[in-house]
Amino acid sequence: MDSNKRPDTMERITTPELAEAFIAEQVKLVQEQVGDKKVLLALSGGVDSSVVAALLIKAIGKQLVCVHVNHGLMRKDESEGVIKMFQEELDANLIYVDATDHFLGLLAGVSDPERKRKIIGKEFITVFAEEARKLEDITFLAQGTIYPDILESIKAAEGKKAVKSHHNVGGLPEDLKFELVEPIKLLYKDEVRVVGEALGLPHSMVYRQPFPGPGLGVRCLGAITRDRLEALREADAILREEFDKNGLAEKVWQYFIAVPDIKSVGVKDESRYEGWPAIIRAVNTKDAMSATIEEIPYAILHHITYRITHEVPGINRVLLDLTPKPIGTIEFE
Ligand code: XMP
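Residues numbered from 1 in each chain as written. Predicted model: local features only at pLDDT ≥ 70, side-chain atom pairs only at ≥ 80, totals over all residues. Heavy atoms only, no water.

## Brief notes about the pairing of strand 3 (residues 93–98)
At step 1: The sheet contact formed by strand 2 (residues 64–70) and strand 3 spans 6 bridges and is parallel. Pairing of His68 across the sheet is with Tyr96, part of strand 3.
At step 2: Each parallel crossover has a hand, and the one from strand 2 via helix 3 (residues 78–89) to strand 3 is right-handed. (Pairing = 2+ DSSP bridges. Helix = DSSP H or I, 4+ residues; strand = E, 2+ residues; numbered from the N terminus. Right-handed = clockwise from strand over helix to strand, strands pointing away.)

Encoded structure:
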């Protein structure tokens, strides 16, 4: 039987009871597969890797070694949240690598979107591999592969052209040969979330919006600079806070800020104030292949605009992107 094919008889996991049964089965399978060996996991803090981490902690405890690489392109307080959840609350074996300077150094002056994506993807693997080499007796590599990823690779193998080079961990160097542990590879995203909640992960973590591998790097448009990246991170945090407060976080599939490398003239304290615009993008979609624009009440938009322009140094305008996909992709790069 092809272990990468979801059996037609597999029931869709929609309830906590079905999730419990799935978890019990996977815990047993992982224990059988791994024995007393160690497993390495790149823990980004996204839904899939978080659910795999929680599942493996349940199955093998400290035999799981999680590595969280902060590429400096995370959202505000995101890495701190990963450390708090997994190290402090779940007592995971977690290695934290702050590679901010390294990544931002390599990205300095690079404006081509695909080059930026390639650098971030490649370096992510390099930094992760470096950590893996420092560790001893790791036999397995766990991955948060889910069923759509498998279907996607089948399509890629059939030669269908991708619009962007999406990246997740994969393609480790030759000298690092691990056996794979992929406990959620036959699950769809909605099932992963049900399983995550059954594992005790907080609702906000399990239902968080998708966040691309290259992070804020593809939202700080053109060549990334630290000051513009910081402005983007702060503006994005305000947008997310206001969406949460106003009940929009549950209604909108993905919402974020992008900041282009353009300055316009404004006025502040009666003086000329040049700044970047913060662009709001809020979309709904089923499968990310196409997307529609979500209507945000004007009162909320005014409030967000006021906060961003008053609280974030360097931003003097807020713009709203009304472009569906197609023709715009969800991300700007
Ligand atoms: P686009 O911009 O292609 O995005 O319309 C579709 C969805 O994919 C997310 N995205 C990524 N996810 N690695 C990921 O895991 C990536 O490199 C990547 N690039 C885009 C994007 O946020 C949206 O949800």
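## Here's the deal with helix 4 (residues 100–107)
At step 1: Among all positions of helix 4, only Thr100, Phe103, Leu104 and Leu107 are buried. Down the axis of helix 4, the smallest arc covering the buried residues is 95°, so these residues share one side.
At step 2: Where helix 4 is buried, its residues touch strand 2, strand 3, helix 5 (113–134) and helix 9 (226–245).
At step 3: Positive backbone phi, approximately 80°, marks Gly109, located one or two places after helix 4. (Buried < 20%, exposed > 50% of the residue type's maximum accessible area, 1.4 Å probe, protein only. Arc of directions from axis to C-beta. Contact = heavy atoms within 4.5 Å.)

## Observations concerning the sheet that holds strand 2
At step 1: With parallel pairing, 5 strands are arranged side by side in an open sheet as 3-2-1-4-5. Since the sheet does not close on itself, it has two edges, and those belong to strand 3 and strand 5 (179–181), each with one partner. Taken pair by pair, the neighbouring strands of this sheet meet at an average axis angle of 30°, ignoring direction.
At step 2: Summarising the sheet, strand 4 (residues 138–142) and strand 5 pair through 3 bridges and their orientation is parallel. Residue pairing for strand 5: Leu141 is matched across the bridge by Leu180. (Axes fitted to C-alpha atoms, helices over the stretch in contact; angles between N-to-C directions.)

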